[in-house]
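Summary of structural features
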4 protein chains.
Amino acid sequence: MVTEVKSLNEECGVFGVWGIPDAARLSYFGLHSLQHRGQEGAGIVASNKGKLKGHRDLGLLTDAFKDDRQFDRLKGEAAIGHVRYNTAGSNGIQNIQPFLFQFHNEELALAHNGNLINATTLREQLEDEGAIFHSNSDTEILMHLIRRSQRETLIERVKESLNKVKGAFAYLILTPNEMIGALDPNGFRPLSIGQISNGAYVLASETCALDVVGAEFIRSVEPGEIVIVNDDGYQIEKYTEDTMMSICSMEYIYFARPDSDIAGVNVHTARKNMGRTLAQEAPTAADIVIGVPNSSISAASGYAEKSGLPYEMGLVKNQYIARTFIQPTQELRELGVRMKLSAVRGVVKGKKVVMVDDSIVRGTTSKHIVQLLRDAGATEVHVRISSPPLRFPSFYGIDIQNRHELIAADHSVEEVREIIGADSLVFLSVAGTVDSIGLNFDAPYGGLCMAYFTGDYPTPLYDYEADYLKSLEKEITVQRHEES
Amino acid sequence: MVTEVKSLNEECGVFGVWGIPDAARLSYFGLHSLQHRGQEGAGIVASNKGKLKGHRDLGLLTDAFKDDRQFDRLKGEAAIGHVRYNTAGSNGIQNIQPFLFQFHNEELALAHNGNLINATTLREQLEDEGAIFHSNSDTEILMHLIRRSQRETLIERVKESLNKVKGAFAYLILTPNEMIGALDPNGFRPLSIGQISNGAYVLASETCALDVVGAEFIRSVEPGEIVIVNDDGYQIEKYTEDTMMSICSMEYIYFARPDSDIAGVNVHTARKNMGRTLAQEAPTAADIVIGVPNSSISAASGYAEKSGLPYEMGLVKNQYIARTFIQPTQELRELGVRMKLSAVRGVVKGKKVVMVDDSIVRGTTSKHIVQLLRDAGATEVHVRISSPPLRFPSFYGIDIQNRHELIAADHSVEEVREIIGADSLVFLSVAGTVDSIGLNFDAPYGGLCMAYFTGDYPTPLYDYEADYLKSLEKEITVQRHEES
Amino acid sequence: MVTEVKSLNEECGVFGVWGIPDAARLSYFGLHSLQHRGQEGAGIVASNKGKLKGHRDLGLLTDAFKDDRQFDRLKGEAAIGHVRYNTAGSNGIQNIQPFLFQFHNEELALAHNGNLINATTLREQLEDEGAIFHSNSDTEILMHLIRRSQRETLIERVKESLNKVKGAFAYLILTPNEMIGALDPNGFRPLSIGQISNGAYVLASETCALDVVGAEFIRSVEPGEIVIVNDDGYQIEKYTEDTMMSICSMEYIYFARPDSDIAGVNVHTARKNMGRTLAQEAPTAADIVIGVPNSSISAASGYAEKSGLPYEMGLVKNQYIARTFIQPTQELRELGVRMKLSAVRGVVKGKKVVMVDDSIVRGTTSKHIVQLLRDAGATEVHVRISSPPLRFPSFYGIDIQNRHELIAADHSVEEVREIIGADSLVFLSVAGTVDSIGLNFDAPYGGLCMAYFTGDYPTPLYDYEADYLKSLEKEITVQRHEES
Amino acid sequence: MVTEVKSLNEECGVFGVWGIPDAARLSYFGLHSLQHRGQEGAGIVASNKGKLKGHRDLGLLTDAFKDDRQFDRLKGEAAIGHVRYNTAGSNGIQNIQPFLFQFHNEELALAHNGNLINATTLREQLEDEGAIFHSNSDTEILMHLIRRSQRETLIERVKESLNKVKGAFAYLILTPNEMIGALDPNGFRPLSIGQISNGAYVLASETCALDVVGAEFIRSVEPGEIVIVNDDGYQIEKYTEDTMMSICSMEYIYFARPDSDIAGVNVHTARKNMGRTLAQEAPTAADIVIGVPNSSISAASGYAEKSGLPYEMGLVKNQYIARTFIQPTQELRELGVRMKLSAVRGVVKGKKVVMVDDSIVRGTTSKHIVQLLRDAGATEVHVRISSPPLRFPSFYGIDIQNRHELIAADHSVEEVREIIGADSLVFLSVAGTVDSIGLNFDAPYGGLCMAYFTGDYPTPLYDYEADYLKSLEKEITVQRHEES
């Protein structure tokens, strides 16, 4: 959740509701609880008396919807919304979702959480057939496919189109007549169905959004499913039978809110379990356990419980971390880090500290935190990471497509330890991670996507295949290096 | 620290530095760590080659200083800065500090943390003598006194003026020749001196600001002291001998950052002790202990440790609480609360919960949280408050000057319990609070101001005397009510 | 030019340059001189080393380009720009031009001045073939046609597409390899070619833009022509032979800047001639002649010269008319008018006044001005309009598509006189208008489009035919009424 | 009026109204007509039920009052307002007027048009007596004097204070009980009294503001007078008998709106007369006469009439000159000028042109215009200035306090001609200027201040005496040079 201190970023959250007055405003509150999934743009499209109207803007939800009067335009009993993380080079307002399409014969709004892996191929094909794209987002592709489908009904056109896009996606589609949700054949991204007391239905990326709007959880959307919500209630259909569960493990490790449940497993509980398992795998002779706020608090408390060491608040996160800062000059550079996190001297001074964090990406933040703790008087700093080393790029919607960014991709654990300056460093094992989360799907890793750690991608890589192979040459070097 | 979910607000933080290049920029970083003390305005005045220049604006520090170019105007080796909490009716930019005064024969900048209690009287006197005030702030009074003093030197004029103002104050004054800090005779507000490695000196409201800029703590400014920093180093003098330590207890309970030390006591540790003492005073047969994030986490973990009950993350605070929100309509009103805090169903479901909070002001937030926990499946909710009931107004710089706002001022503890819907409610005792913080000054309550809980104001009330007496009539009714 | 006091609005101006460093910045200055053609949005796309980059925003050019750093992104030796008047309901930023299209195999930017009259038909056809439109602007249509053309070269594809769109258009297209200008077969909108001293070429809606950037006028683009500018110089080709000159007469009467030349005729001179002819057609026994600033000053001075009456400054326009104003309350309503124009009491008091204006749209402004003059002491007010009565809608890019807006469409001249409260009212005749402007093309009205006055549309009306016929029923009533 | 192309700037306009509902909104409209007198800040203070409230901000009136809701705070039946031109170094919001002072025993608002010449002396005295100034404006001085006066009534305190300030001033003061206007003993700045139909009274810098709000002119405030408006009507008193009329001649020549009357003389008429006299003093063998828009149009038409030459529109001013512009690069520098003014080639080509302008300050603008005309084909350009050469600084409220800025201060007319590149150059004589304006007061120059041309300052110079004497040394050189 701490996007400011990590360089791992989720790409978006979606929320939709059908059948309740002032649906756009309800979506605003639902989206607010998904803000951690994307902070660089937000939008809502509402349906009122057969017409769709939308508003979207850059920034946090509260920036994009500053004025109450914006909701006067967004009246109606159905709405879908989106919070967006912008990948590099796509930061224009034209990329903020939901996209609203007004044709002479139909109106549709579309929101997408995920990343397609055959987008480049599809886009080139479509352009060669005369299509014009107006965003850099791969989301627009689905709409071109839907409009070009010759099937009779919208549902049929959507199903046909869903079979052409590959990768990770949770889509929401809104028309004046229905709201549609769709999940990719691997279920990479979470999507849940809820019911509000008065019979209205909600679709949301995480169950925390259901809680916020007072909706009761019905069930998760499953891989290859399409949910159709209209005035007759909701209906679930399959658009493909070729499915295999591969929920993104990073949702449990880092992205999702601790109060959300994914595939029936509470995120906080999963993290606490990871901490407990880590304590078993890597016990440490130390005085206290501390977590890096906020995302690693759960794992740290699990580690403390299992290890019997006291859990202490050794690091404090500044509540006022802004998105844009005056930069320190060269002389004041080290100040930048201290603005975000502070060590509590009274807690760590003279102590051997176990510092639990959920992951290491580039290693720079870990290095700074270790230094903070030492400056505050910690005599030893043992870093314990509640997930395995990140070694492979993600093509399913996490902002890592380059192995150069991953310190563990070309450094051994010992090298990483040395770089970050810790007294010891242990990562949770792949098996320990899978066991701690504890999914039981009939699929590899119990239904988790562990590709970032193992390289076992659950789908072909399509447009990314070449990139991946190229990066492997480097991998081999690393493997050898670590073996030696 | 969570000003958004409480109605207790600190009135300001100050930071000053002398003797380092780019002093204004360093102040920016120092002030950032004091942002929790005031979020409605910020300013910095820098001294360069005998000239003072300032910038100030409404909003958070990062709003007020959005543009790096603002620091081009603020060059120089000394600076003072201020973050401000606006009291009602005083929200214009003319009230943002530091105030900068340019006279034909001297230049001064002034920043103030605290509240004067003879301000109305002084202002009327001064106006009758021809003075013109340009802000509603009582800060300006000191400058009128300084300018009207007939003493020879600036230091003498400042000292004479300090003896005329009554109440709570930590002042910073900057001139081209020196930086001056001054603390009231009771030391209500904290003020610390630090030294940066290269010999430069820092004055700051909390020690966390010293840590952020890499300054080493030298000592706290003591009641009745004035600190003069110039190119010859720093020097401490007394402007009065009539002093008695009365540090605001709410700094330990709620306001200050957990990583700060006040009067040699770490704030986190004090809070944890309060939680421990509370567990002794009010043991509970329950399954888990949870704290209300973020300010009550320390106390809750202390409670858990002492009670032997597991400490769990049962409440999650949304990281993206904005200062301005679209308001829910009447139908969606209950959403507002859930936007800020969520209960973790997986943690609290079916559990008897001890919920630790640091204080109760109006009771509305407590009521909502209890309901959140019950909605998430808690079978019992026992509320434990790590400080005594707030019953008396504060005149020393906390935003409570009206007893009507304090639920405990005219309700018994049992009535409050019923209003917030808890299964049980216990407040920490006054003695337990004082012992947990553990100051040892030769003064009542060991040197703490406990007036908000006891009505024992450490000073005459001057302009507030009449208000206070009037409110007492009500108090008597309450007392009787509680006794019956 | 006074868009604030009239309800006639031009729809856009275009400017392009090829072959000069800092082309975007030059375009900024060129567009500034075309600002009167559109004030609600502005944009520039520049070409640099094979890549196009653009910036566009709502508001005046100086609003859209507030920050000099925007030009750092727009480096390069070629650029096209656009100033936009927003028609109702299309005021989003997605409609601001130039449009920038980045395909996998080519990049194009497109800007358009004019209005297509078969846009609805084309858009529906294209959508039925799978096209997705992202703006409400009809401009996007051309790009869909270009992309769907099967011709070999871009120039051939553009030419084929130009033959499919009907109505009024002056297009600018920019690619990394060339800049293309194209004019509709009737030449409704002006487009000129200029050469900057160093051999670079400019295309602009009006010659005043050539003057501003120091370009020498080469020649006007003629109906049915396409101009291709690249590093080899410029080249003119015809994409159709089916042309007939019909320059919009309102360019001379009202829209264009007086210092511009259109089809070789200076606009100020044309207006002065219209005033002279009007004086011949409608001599008046009066004391002075005054013009309504600023657009009618030329005609008024012509009238004065020919009539021998003194030309006086009887009306003053406030230089600070803003685009948004606090509205007067009902009681203060009449103030609104007086904020824009004032009568000079010292000039008009006791005088019989000839007030020359260029046109009457709704009549409300005229009514207010007549009243202003009477309030200032004019004994008689004789209104003389230097163009014929506006009776028919425009489909070629002026913001009148509704006859209800035109007071002269359903009122006789005598009725209009009564409504505006003038002592007499005379419009310039159609023949007088044509003669005064003095074009000599081998086409009806010497090559002018006089449709707004006569109903003689120079093209079929395509999508607007039905609307037009419906409005005619009303016309018949009016005609009869006037005959009787 | 064209502040953008000249470097002469007025310092402020004032408007006040008493006795009409929604007085603040009426003031908004009144101030709008005075916008030409100051464009860098605006404010209004309204009086409602014994309380004053104000709003002020940087920028044009329409920038400062963007939101209609601002007027909800400014209810009430009396208001004063101000538009401000910022002199260098005083551009903070704290300098925007009216100033609002809230004392414990009275409330006052104050607005000022003019410039004090003993401000430095008074300010130092006041500061030495303990006064604190919060603005750089000399306006604040009067309030300090009023507050320190020992007289019994406010009117008496104001009168006493007015006798201490020297220089040019038209003050408006508002209290809950009355509105006060006051004019300096020389009447440098205009101030008029008007009556609105319903018996309410208006005070305004120019009569054009009376016209805009529908007020009838009663009479001008005269030197040394104070006007008191309250619910009993208005009353005029003298605060000094030591008066001598010296209306600033630049009001007629350049500053005031042509539709205003000053001291009973219409500004447009005065300008036209200056043009006529200039034609007599400096007849020219030429083809056409053109004026520099907008301020010189009146004079040019007068010149044309008297000379018998045709008056033509040879220069066009861009209607969209913004206050902030992207700057041209060095290469494009000459574009800057052309953005503001264009020559009409069709008018001036091949012609001998008389170009009439109202004044020459630095000469740079004149030089550019001459060049523009030559570039457009003028064969000869004869410059005629409808006022004498500006040679001496102004200390009474025009933004020229430095003789270095005045080209005519140290160059002969022939030298100026050469610098601006004209074929001939003639300025109107001092006598011709005085006669053309035609005041008949019993005072030098008929009651005009001609000091900028003659050095005959109508008052002692107080704080500016030394500056002035220093500048004279230079003057002597110039005089000699011109004599030789």
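Cut-off values and rules
Residues numbered from 1 in each chain as written. Chains lettered and ligands numbered in written order. Predicted model: local features only at pLDDT ≥ 70, side-chain atom pairs only at ≥ 80, totals over all residues. Heavy atoms only, no water. UniProt positions renumbered as here; feature names shortened; annotations may be inferred. Helix = DSSP H or I, 4+ residues; strand = E, 2+ residues; numbered from the N terminus. Buried < 20%, exposed > 50% of the residue type's maximum accessible area, 1.4 Å probe, protein only. Contact = heavy atoms within 4.5 Å. Areas by Shrake-Rupley, 256 points an atom, 1.4 Å probe, with all protein chains shown as cover. Lys, Arg positive; Asp, Glu negative; His and termini not counted. Charge placed at Lys NZ, Arg CZ, Asp CG, Glu CD. Buried area = accessible area lost by both parts, 1.4 Å probe. Salt bridge = Lys/Arg side-chain N within 4 Å of Asp/Glu carboxyl O. Nonpolar A, V, L, I, M, F, W, Y, C, P; charged D, E, K, R; others polar. Least-squares fit on C-alpha atoms with pLDDT ≥ 70 in both. Polar contact = N/O pair within 3.5 Å; in protein donor to acceptor, adjacent residues only side chain to side chain. pLDDT = per-residue confidence, 0-100. Domains from an automatic or database assignment. Core = buried A, V, L, I, M, F, W, Y, C linked by side-chain atoms within 4.5 Å. Phe/Tyr/Trp six-rings, centres within 6.5 Å; stacked < 30°, edge-to-face > 60°. Lys NZ or Arg CZ within 6 Å of the ring centre and 35° of its normal. Pairing = 2+ DSSP bridges. Axes fitted to C-alpha atoms, helices over the stretch in contact; angles between N-to-C directions.

Chain A is annotated in an unreviewed UniProt entry as Amidophosphoribosyltransferase of Salipaludibacillus neizhouensis. What the UniProt record of chain A gives under Sequence similarities (unreviewed entry) is the line "In the C-terminal section; belongs to the purine/pyrimidine phosphoribosyltransferase family." UniProt lists a comment for chain A under the heading Pathway (unreviewed entry), and it reads "Purine metabolism; IMP biosynthesis via de novo pathway; N(1)-(5-phospho-D-ribosyl)glycinamide from 5-phospho-alpha-D-ribose 1-diphosphate: step 1/2."

Observations regarding the overall build of chain A
When its secondary structure is counted, chain A shows 17 helices and 23 strands. Referenced to the eigenvectors of the C-alpha coordinate spread, the extents of chain A come out at roughly 70 × 50 × 45 Å. Counting the 484 residues in chain A, one finds 65% classified as buried. For chain A, the share of sequence-separated contacts (at least 6 apart) that also reach a separation of at least 24 residues comes to 69%. Carbon together with sulfur atoms contributes 46% to the accessible area of chain A, which is approximately 16,500 Å² in total. If you average the places of the 47 positive and of the 64 negative side-chain charges in chain A, the two averages end up 5 Å apart.

Some words on the UniProt feature "active site" (unreviewed entry) in chain A
All names here are of chain A. When the UniProt feature table is mapped onto this chain numbering, "active site" (unreviewed entry) sits at Cys12. Mapped onto the secondary structure, Cys12 falls in the segment before strand 1 (13-18). Beyond its immediate chain neighbours, meaning those up to four positions away, Cys12 contacts Arg37, His82, Val83, Arg84, Tyr85, His112 and Asn113.

Details of the side chain of Asn115 of chain D
Structurally, the position occupied by Asn115 of chain D is in strand 6 (residues 107-116). What makes Asn115 of chain D buried here is its relative accessible area of 9%.

Some details on the interface of chain B and chain A
How big an interface is tends to be stated in terms of accessible area lost as the parts join. Taken residue by residue, the interface counts 60 residues in chain B and 60 residues in chain A. At the boundary of chain B with chain A, total buried surface from both sides reaches about 5,000 Å², with 61% on carbon and sulfur atoms. By the criterion of area lost to chain A, the three top residues of chain B are Phe29, Tyr320 and Ile326 of chain B, representing 17% of everything that side buries. Run the count over chain B and chain A and you get 4 salt bridges. Between Arg345 of chain B and Asp211 of chain A there is a salt bridge whose closest N-O contact spans 3.0 Å. Contributions of two or more residues to the side of chain B that touches chain A are made by helix 1 (23-32), helix 7 (207-212), helix 9 (267-281), helix 10 (297-307), strand 18 (315-317), helix 11 (335-340), strand 19 (341-343) and helix 12 (345-348) of chain B. Sorting elements by how many residues they give to the side of chain B that touches chain A places helix 1 of chain B first, with 5 residues. By residue class, the composition of the side of chain B that touches chain A is 26 nonpolar, 19 polar and 15 charged.

With respect to the relation of the copies chain B and chain D
Of the transformation superimposing chain B on chain D, the axial component is 0.2 Å and the angular component is 180 degrees, with the fit at an RMSD of 0.1 Å. Such values leave the two copies arranged in the relation of a two-fold axis. Of every C-alpha in chain B, the one belonging to Ala131 of chain B sits nearest the axis of rotation, 3.0 Å from it. Same-surface contact between copies: 100% of interface residues of chain B are shared with the interface of chain D.

Some details on the interface of chain B and chain D
Between chain B and chain D, the residue contacts involve 19 residues of the former and 19 residues of the latter. With both sides pooled, the region where chain B packs onto chain D buries about 1,700 Å², and carbon together with sulfur makes up 54% of that total. Counting the contacts that link chain B with chain D gives 0 salt bridges. Where chain B packs against chain D, one counts 8 residue pairs in polar contact (both at pLDDT 80 or more). Ranked by the residues each element gives to the side of chain B that touches chain D, the list is headed by helix 5 (residues 139-148) of chain B, at 5 residues. Among the residues forming the side of chain B that touches chain D, the class breakdown is 6 nonpolar, 6 polar and 7 charged.

Structural notes on helix 5 (residues 139-148) of chain C
In terms of residue burial, helix 5 of chain C counts as a mostly covered element, since 10 of its 10 residues are buried. When helix 5 of chain C is considered as a whole, its buried residues turn out to be Thr139, Glu140, Ile141, Leu142, Met143, His144, Leu145, Ile146, Arg147 and Arg148 of chain C.

Focus: the confidence of the model for chain A
Residues and elements named next belong to chain A. Looking at chain A as a whole, its pLDDT mean stands at 90, while 91% of the residues score no less than 70. Taken as a whole, residues 1-7 scores under 50 in pLDDT and shows 33 contacts with residues more than four places along the chain or in a different chain. The low-confidence segment residues 476-484, where pLDDT is below 50, has 8 contacts with residues more than four positions distant or belonging to other chains. Here the prediction assigns the complex a pTM of 0.89, and the interface score ipTM is 0.88.

Quick word on the domain arrangement of chain A
Residues and elements named next belong to chain A. One can read the domain layout of chain A as domain 1 (12-243) and domain 2 (266-438 + 465-483). Between domain 1 and domain 2, the C-alpha centre-to-centre distance is 34 Å. Carbon and sulfur atoms make up 54% of the surface buried where domain 1 meets domain 2, a total of about 730 Å² over both sides. Taken as a group, Asn115, Phe188 and Arg189 account for 45% of the area that domain 1 buries against domain 2, more than any other trio of residues on that side. For the interface between domain 1 and domain 2, the tally reads 0 salt bridges.

Regarding the nonpolar core
Met355, Leu373 and Val383 of chain C together with Met250 and Tyr252 of chain D are the most contacted members of the largest nonpolar core, which has 83 residues in total. Excluding residues within four positions of it along the chain, Met355 of chain C makes contact with Ile290, Val292, Ile369, Val370, Leu373, Val381, His382, Val383 and Arg384 of chain C. One finds Val344 of chain A together with Cys248, Ala304 and Tyr468 of chain B within the second-largest nonpolar core, a separate group that totals 82 residues.

Examining the packing of aromatic side chains
Summed over all chains, the structure comprises 60 aromatic pairs over all chains. The rings of Phe188, Phe395, Tyr396, Tyr457, Tyr464 and Tyr468 of chain A are connected pair by pair, giving a single aromatic cluster. Lying over the aromatic face of Phe103 of chain D, Arg147 of chain D brings its terminal NZ or CZ to 3.7 Å of the ring centre.

Focus on helix 10 (residues 297-307) of chain A
Residues and elements named next belong to chain A. Here helix 10 has its buried residues at Ser298, Ala299, Ala300, Ser301, Gly302, Tyr303 and Ala304. Lining the buried residues of helix 10 we find helix 9 (267-281), strand 17 (288-291), strand 20 (352-357) and strand 21 (380-385). Remark: Gly308 follows helix 10 within two positions and exhibits a positive phi of approximately 80 degrees.

Topic: the sheet that holds strand 2 (residues 41-48) of chain B
Within a beta sheet, neighbouring strands are joined by backbone hydrogen bonds and run either parallel or antiparallel to one another. Residue and element names in this part refer to chain B. Spatially, 7 strands are ordered 3-2-4-1-10-9-11 in an open sheet, and the strand pairing comes out antiparallel. Each edge of the open sheet carries a strand with a single partner, namely strand 3 (51-58) and strand 11 (215-220). Within the sheet, the average angular offset between the axes of one strand and its neighbour, ignoring direction, is 15 degrees. As judged from the 4 bridges shared by strand 9 (residues 192-196) and strand 10 (residues 201-204), these two strands associate in the antiparallel manner. What sits directly across from Ile193, in strand 10, is Leu203. Across the face of the sheet, helix 1 comes into contact with strand 1 (13-18), strand 2, strand 4 (78-84) and strand 9 while running at roughly 150 degrees to strand 1.

A closer look at the UniProt feature "binding site: Mg(2+)" (unreviewed entry) in chain A
Residue and element names in this part refer to chain A. Those places that UniProt annotates as "binding site: Mg(2+)" (unreviewed entry) correspond, in this numbering, to Ser295, Asp357 and Asp358. Considering the C-alpha atoms alone, the annotated residues occupy 64 residues of sequence yet fold into one spot, their largest mutual distance being 7.9 Å. Along the polypeptide, Ser295 turns up in the loop between strand 17 and helix 10. Polar contacts involving the side chain of Ser295 include one to the side chain of Asp358, which spans 2.4 Å. For Asp358, the location among the structural elements is in the loop between strand 20 and helix 13 (364-375).

Overview of the sheet that holds strand 6 (residues 107-116) of chain C
Residue and element names in this part refer to chain C. Read from one edge of the open sheet, 6 strands run 5-6-7-8-12-13, paired in antiparallel fashion. Only two strands of the sheet have a single neighbouring strand rather than two, namely strand 5 (99-102) and strand 13 (233-238). Direction aside, neighbouring strands of the sheet carry axes that sit 20 degrees apart on average. Summarising the sheet, strand 8 (residues 179-183) and strand 12 (residues 225-230) pair through 4 bridges and their orientation is antiparallel. Pairing of Gly181 across the sheet is with Val227, part of strand 12.

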